[in-house]
Amino acid sequence: MVAPLLAIFGYLIYKGASSLNWAFFTQIPKPEGEVGGGMANAIVGSGVLLGLASLIGVPVGIGGGVFLAEFGRGTKLANAVRFTADVLNGVPSIVMGVAVYGLVVTPAMPFSAISGGIALGIMMIPTVTRTTEEMLLMVPHAVREAALALGVPNWRSVLSITIKTASPGIITGCMLAFARVAGETAPLIFTAFGNSNWSVALNRPISALPLEIYRYAISPYDDQHRQAWAAALVLVVLIVAAVSLVRYVASRGVLKGAS
Amino acid sequence: MGVGIEVASLNAWYGANHTLQDINLNIPANHATALIGPSGCGKSTFVRCLNRMHETNPIARVTGTVRIGDLDIYADAKPVEIRRRVGMVFQRPNPFPTMSIYDNVAAGLKLNGYNNRHVLDEIVERSLKDSALWDEVKDDLRKKSGASLSGGQQQRLCIARALAVDPEVLLMDEPASALDPVSTSKIEDLIFQLKSQYTIVIVTHNMQQAARVAEKTGFFLNGRMVEFDSTHKIFTNPSDKRTEDYITGRFG
């Protein structure tokens, strides 16, 4: 487990660290063939896309998981939802991109941050749903009974007791889904499209680190190759930082002795 | 104050399994009543019918009447209202693991929308004192999780949690069977003190425990109540041969 991780990290640092400089984080790309420039627009674009994706994927995913574990247990609808989530999880990301292109990208809503966020958000849903369901089912029956025996209505017990008890696992599930889509390129090709200029408008094409890595890595210019390596390093570091930050914030509220 | 419980023609099922058959008895107010019998005799099912927890299992079913005070709990009220009047302590301590000691005790009130901080502070302190836990936890109320306490402390925390909603009846389903002897004796002392304020029904496998804490004892066997009388009579001069066989250790 550790060896491939170290290998990837080491190679990224070896190839990418030398191209990291202030300009990389503050400037937008230079025209083709010119040396210098940066990926500020792609870094911010990735942030915008992942924010939009989380806005869709986290609430829908958690809602689905709560339904499966608490309210729909044993019903036909629950089986259908679970099956759908599993199938959705298996849809190749390029197919997701093409599907969102066909369904969302229209003359009224051209290539845009929103359509990119939708594609990534849908990809988050199955992971979040299934981990939420599994974590809720791990909450001991005795804890649910304790709440019911106090005269707490079932819905309230689910919201305030069961979900809260399962929340560390649910947060981990959300972070897994987040980290997975953060590096997705294929769903963005037909949706967010990419943008060489500075843009954070939600209804305009937007840049993203994976898209830039792809574009630069196949370009004929050495300087762009170097920047692609640097971008890959930045992407990995940002994912690790985001996951660590959420875990740290989530763990701060935890009391002594709580499992 | 506690209220009496009148049970008439109570039957209960788990699926096709007829676990309680035609139970009739009157449980007196402000006393401790013990229910004894071998495993699977229906005594736990019986107490779960007294706060309508039995029906939380989707395959469970109940018929008959249970009056708690002047309330016919299967006809006149919703399950959530009854469970606020009839507290329950389970076999294994089950504090809410993510909540502080304070929040565990306040949970019943908070989750029912009660939020007056000042009054909550008072109720939490009183409940923890009533459950003889206050002195051990008063410095860590908000710092420590309920799950960080020892088993015996957790069970007293669960008793405090049940008392905080000010019930009239306290049901205890083998409350000491998962605890060590010292903790068990603390729980028994507690039952002795609490019965002046609450009607207590305690299920137990431990006949000495029944003899120590309860004025009345009921003997259950195979889903029926064989005998219900004063604890002294049940243990010294039972009317039914089966009761005698059980308490003298011939079966069960």
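For the structure, check the block above.
Residues numbered from 1 in each chain as written. Chains lettered and ligands numbered in written order. Predicted model: local features only at pLDDT ≥ 70, side-chain atom pairs only at ≥ 80, totals over all residues.

Details of the interface of chain B and chain A
So, step 1. Residue-level contacts link 25 residues of chain B with 21 residues of chain A.
So, step 2. Those elements that place two or more of their residues in the side of chain B that touches chain A are α2 (79-85) and α3 (101-110) of chain B.
So, step 3. At four residues, the largest contribution of residues to the side of chain B that touches chain A is made by α2 of chain B.
So, step 4. The class makeup of the residues in the side of chain B that touches chain A is 10 nonpolar, nine polar and six charged. (Contact = placed C-beta atoms within 7 Å. Helix = DSSP H or I, 4+ residues; strand = E, 2+ residues; numbered from the N terminus. Nonpolar A, V, L, I, M, F, W, Y, C, P; charged D, E, K, R; others polar.)

Brief notes about the sheet that holds strand β2 (residues 17-27) of chain B
Residues and elements named next belong to chain B.
So, step 1. Taken in spatial order, the four strands line up as β2-β1-β4-β5 in an open sheet, and their pairing is antiparallel. Strands with a single pairing partner mark the edges of an open sheet, and in this sheet they are β2 and β5 (71-72).
So, step 2. Where strand β1 (residues 5-14) and strand β4 (residues 60-68) come together, eight bridges link them in antiparallel fashion. Each bridged residue has a counterpart across the sheet, and for Trp-13 the counterpart in β4 is Arg-61. (Pairing = 2+ DSSP bridges.)

Observations regarding the sheet that holds strand β9 (residues 216-221) of chain B
Residues and elements named next belong to chain B.
So, step 1. One open sheet accounts for six strands, arranged β6-β7-β8-β3-β9-β10; its pairing is mixed. The open sheet has two edge strands with one neighbour each: β6 (86-89) and β10 (224-230). Averaged over all pairs of adjacent strands, the angle between strand axes in this sheet comes to 15 degrees, irrespective of strand direction.
So, step 2. As paired elements, strand β3 (residues 32-36) and strand β8 (residues 199-203) share four bridges and run parallel to each other. Among the inter-strand pairings, Ala-32 is bridged to a residue of β8, identified as Ile-200.
So, step 3. Against the sheet, helix α1 (residues 43-50) contacts β3, β6, β7 (169-173), β8 and β9, and its axis sits at roughly 150 degrees relative to β8.
So, step 4. Against the sheet, helix α6 (residues 151-164) engages β6 and β7, with an angle of about 170 degrees to β6. (Axes fitted to C-alpha atoms, helices over the stretch in contact; angles between N-to-C directions.)

Just geometry here; none of it tells us what the structure is for.
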